[in-house]
Amino acid sequence: MPCILLTGATGYIASHTWLALLEAGWDVVGIDNFCNSSPRVLERLAELSGRVPSFVEGDVRDAQSLDRAFALGQQRWGGVQAVVHFAALKAVGESTEKPLEYFANNIGGLVATCQALQRHTAADQPLRMVFSSSATVYGKPEQLPIREDAPLSATNPYGATKLMGEQILAELQRCDARWLIASLRYFNPVGAHPSGRIGEDPRGVPNNLMPYVAQVAVGQRERLNVFGQDYDTPDGTGVRDYIHICDLADGHVAALRHLFEQGRSLTVNLGTGRGYSVLEVARAYEKASGREVPLHFAPRRPGDVDACYADPTLAAQALGWRARRDIDDMCADSWRWQSQNPRGFNG
Ligand code: NAD
Ligand code: UFG
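This structure is a prediction, so every number in the text was calculated from the model and none was measured.

**Some words on the packing of helix H1 (residues 12-23) against helix H8 (residues 245-262)**
Phase 1 of the analysis: One way to put it is that H1 packs onto H8 with a least axis distance of 8 Å and a crossing angle of 60°. Taken as axis vectors, H1 and H8 run oblique relative to one another. Like other packed secondary-structure pairs, H1 and H8 cross with a definite hand, here right-handed. Taken together, the residues of H8 that come into contact with H1 (itself represented by Tyr12, Ile13, His16, Thr17, Ala20 and Leu21) are Ile245, Cys246, Leu248, Ala249, Asp250, His252, Val253 and Leu256.
Phase 2 of the analysis: Among the residues making up the contact of H1 with H8, the classes are represented as 10 nonpolar, three polar and one charged.

**Let's talk about the sheet that holds strand E9 (residues 239-240)**
Phase 1 of the analysis: Strand order in the open sheet formed by three strands is E12-E9-E14, and the pairing between neighbours is mixed. Taken across any chain shown, the strands that pair with only one partner, and hence form the sheet edges, are strand E12 (276-277) and strand E14 (307-308).
Phase 2 of the analysis: Looking at chain direction, E9 and E12 are connected through two bridges and run antiparallel. The residue of E12 that forms the bridge with valine 239 is serine 277.

**Brief notes about the pairing of strand E5 (residues 127-134)**
Successive side chains on a regular strand alternate, one facing one side of the sheet and the next facing the other.
Phase 1 of the analysis: Of all eight residues that make up E5, eight are buried, and the element is covered over most of its length.
Phase 2 of the analysis: Neither face of E5 is open: one carries Leu127, Met129, Phe131 and Ser133, the other Arg128, Val130, Ser132 and Ser134, and all of them are buried.
Phase 3 of the analysis: Pairing of strand E4 (residues 80-85) with E5 involves three bridges; the strand directions are parallel. Directly across from valine 84, in E5, lies its bridge partner valine 130.
Phase 4 of the analysis: Pairing between E5 and strand E6 (residues 179-186): eight bridges, direction parallel. If you follow phenylalanine 131 over to E6, its bridge partner there is serine 183.
Phase 5 of the analysis: At this point the chain moves from E5, through helix H6 (residues 157-175), to the parallel E6, and the crossover so formed is right-handed.

Cut-offs applied
- Residues numbered from 1 in each chain as written.
- Chains lettered and ligands numbered in written order.
- Predicted model: local features only at pLDDT ≥ 70, side-chain atom pairs only at ≥ 80, totals over all residues.
- Heavy atoms only, no water.
- Axes fitted to C-alpha atoms, helices over the stretch in contact; angles between N-to-C directions.
- Helix = DSSP H or I, 4+ residues; strand = E, 2+ residues; numbered from the N terminus.
- Parallel < 35°, antiparallel > 145°, perpendicular 65-115°, else oblique.
- Left-handed = near helix turned anticlockwise from the far one by under 90°.
- Contact = heavy atoms within 4.5 Å.
- Nonpolar A, V, L, I, M, F, W, Y, C, P; charged D, E, K, R; others polar.
- Pairing = 2+ DSSP bridges.
- Buried < 20%, exposed > 50% of the residue type's maximum accessible area, 1.4 Å probe, protein only.
- Right-handed = clockwise from strand over helix to strand, strands pointing away.

Okay, here's the thing in structure tokens:
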């Protein structure tokens, strides 16, 4: 089986994808600079897979670090044959305070990773890359559910890096037919591996809903601030398409298979097609955890949209992939991770 290089390999989505790839029989090499993840992820991956992870600590903006990762893939598995580029900074609010850091890291990192893939691929071989894009590229959606051909826009620097990332990759394909790109537009990844050994471990106050709810349920935070109750949704709170992290990981395996077997690029939504409101998520979490999630109604968060959920038809048709796990699975697996690791990878 081919060897896949994961950038941002110890992060939340990549660590689950790493396991899914190993389970599907692929070989994996990872690179990460730990700017938003813990080295302990590697111990947990070893425990869960029974294999020593092939890993390089380094920054993807640094050509030498990338060369080391490709060399490790060459030495262990005969060469890297595709890259999944997860490495990026992802906090929307922070991106408005430090836009240049976001452009330097997310755009600089993408370009350096593409250059390294090109450097390490023979001239007659395809250049295969899976790119972590986001539903944020749809800006304020005009129509729901959101199809891939919906208008695109960026409402903050983070979103701009995802939109530009897709554009850069589309230009590469136009210039050189060897590029095979899968841009995956994730909706809202939540939950954890069912073992409870890996999961999301945000630093500081969580920006996102599910990790915040998890910290309230476990007693680390007093109550959930519900941002807005006057949205144009059935109960007035924001509606999103939450997708179980293991379904998302399986989506990457399907996308890689597509690149290898079909030899065609694609841009595709990875979501369930079903939206849940903030109140529905809080209730589902109470049910899964048996704990109360006290609510505090707060003003809207700037930049938030009423509702955002995917049309997942293209993923089903092109990749043969669809999300299988429901909101109860997402909350149960999040709770197992949170309750067994109240301080994430640090205890
Ligand atoms: P994460 O922060 O857990 O993972 C990103 C990883 O990349 C981290 O381990 C971090 O240390 C690493 N990293 C960042 N910059 C790096 C650099 N220059 N060199 C090496 N490593 C670097 O985030 P995640 O939620 O797993 O997100 C993964 C990808 O998916 C990101 O590109 C993100 O923008 C995208 N995405 C995430 C979501 C979400 O809600 N989690 C939604 C849509 C898209
Ligand atoms: N929310 C609260 N309280 C909180 C946190 C969130 O009420 O403490 C609400 C938000 O207002 C929103 C919903 O919960 O209505 C979901 O918010 P998240 O922050 O979890 O998710 P977003 O949809 O705002 O954004 C996430 C990522 C983005 C990504 C987008 C689409 O943070 O980077 O999903 O993939 F672009």
